[in-house]
Amino acid sequence: MYEEARRNLVAKLRSKGVSDERVLQAVGKVERHRFVPEALRMHAYVDRALPISQGQTISQPYTVAFMTEKLRVEPGDKILEIGTGSAYQAAILHAMGAKVYTVERNHDLYERALRRFDELDIRAHIRCGDGTLGWSEFAPFDGVIVTAGAPKIPKSLLRQLAVGGRIVCPVGDRETQSLAVVVKLGEEEYDAEEVPAFKFVPLIGREGWSVK
Ligand code: SAH
């Protein structure tokens, strides 16, 4: 279902500058309509963020593609995602051959994601809890992707990144963020780039924002 809509979405992302063929292939393959509420399925392949539940959103396809491209995922990489939400981003990483570890703080979303992984036969590791603290048990990670806006990059996440690994994390105030892309060059040495103008729901937690 929706194959043509997916092809059009891939063409749209390409026209917006996404060029990593493996990212585009994953977007062409993952059925985004399975990750949005039933009533919004017909909008699943429009390049827009959509509400899921619990006041959260499934990120815009362009944002997912852009962030994933910045992460430079290689097959077999161990990737930590913070903010599972609909689990679409996790499914994209999985489709690219990554070993996915994802953390969601909202219990209801966590349970839905767990069911969705099961239904779609996606073997990803998922935990319910405060992702600002990472998932130390499985560290180090080759890449970390934060899909909610943080006041700054949580130190725990930098610590759990392998040397040579990258983290992409939206940072800014509660309203607008830029996307920080950081490469860990050595235990205490980082190279950072910032891409302006993104809009994410807040990252809430010990090393994130307070609830309100
Ligand atoms: N990656 C998601 C986008 C979800 S929006 C997708 O593909 O659909 C961001 C998610 O981050 C929300 O579900 C929110 O509940 C979650 N979140 C916010 N703070 C968090 C934290 N500290 N740890 C884990 N998840 C968090």
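An account of the accompanying structure is given in this report. (Residues numbered from 1 in each chain as written. Predicted model: local features only at pLDDT ≥ 70, side-chain atom pairs only at ≥ 80, totals over all residues. Heavy atoms only, no water.)

Another point: the sheet that holds strand E8 (residues 177-186). A sheet is described by the order of its strands in space; here seven strands give the open sequence E5-E4-E3-E6-E7-E8-E9, paired in mixed fashion. With one partner strand each, in any of the chains shown, strand E5 (125-128) and strand E9 (189-198) form the two edges of the open sheet. Each neighbouring strand pair of the sheet contributes to a mean axis angle of 15 degrees, computed without reference to strand direction. Along the sheet face, helix H3 (residues 61-71) touches strand E3 (78-82), strand E6 (141-146), strand E7 (161-172), E8 and E9 and points at about 150 degrees away from the line of E7. Across the sheet, helix H4 (residues 88-95) is in contact with E3, strand E4 (99-104) and E6; its angle to E4 comes to roughly 170 degrees. (Pairing = 2+ DSSP bridges. Helix = DSSP H or I, 4+ residues; strand = E, 2+ residues; numbered from the N terminus. Axes fitted to C-alpha atoms, helices over the stretch in contact; angles between N-to-C directions. Contact = heavy atoms within 4.5 Å.)

So, on to the pattern of salt bridges. Applying the stated criterion across every chain yields a total of seven salt bridges. The closest approach of N and O atoms between Arg14 and Glu21, which form a salt bridge, is 2.8 Å. What makes Glu21 partly exposed here is its relative accessible area of 43%. A salt bridge links Asp121 to Arg123; the shortest N-O distance between them is 3.4 Å. Comparing Asp121 with Arg123, the two get one shared label, exposed. (Salt bridge = Lys/Arg side-chain N within 4 Å of Asp/Glu carboxyl O. Buried < 20%, exposed > 50% of the residue type's maximum accessible area, 1.4 Å probe, protein only.)

Next up on the list: the packing of aromatic side chains. Applying the stated rule across the entire model yields seven aromatic pairs. Centroid distance Phe35 to Tyr88: 5.7 Å. Interplanar angle 70 degrees. Geometry classified as edge-to-face. Residue Phe35 is found in the loop between helix H2 (21-29) and strand E1 (50-51), and its partner Tyr88 is found in helix H4; the two are separated by 53 residues along the sequence. Overall, Tyr88 belongs to the buried group, its relative accessible area being 2%. An angle of 40 degrees between the planes, with centres 4.8 Å apart, marks the rings of Tyr101 and Phe138 as tilted. One end of the pair, Tyr101, is in strand E4; the other, Phe138, is in the loop between E5 and E6, with 37 residues separating them in the sequence. Assessed through its relative accessible area of 7%, Tyr101 is described here as buried. (Phe/Tyr/Trp six-rings, centres within 6.5 Å; stacked < 30°, edge-to-face > 60°.)

What follows covers H2. What H2 keeps buried is the set Val23, Leu24, Ala26 and Val27. Along H2, the residues classed as buried sweep out an arc of 160 degrees about the axis, all on the same side. Structural note: H2 exposes Gln25 and Lys29 on the side pointing more than 90 degrees away from its buried face. For H2, the elements touching its buried residues are helix H1 (3-15), H3 and H4. One side-chain oxygen of the residue at the start of H2 lies 2.9 Å from the amide nitrogen of Arg22, identifying that residue as Asp20. (Arc of directions from axis to C-beta. Polar contact = N/O pair within 3.5 Å; in protein donor to acceptor, adjacent residues only side chain to side chain.)

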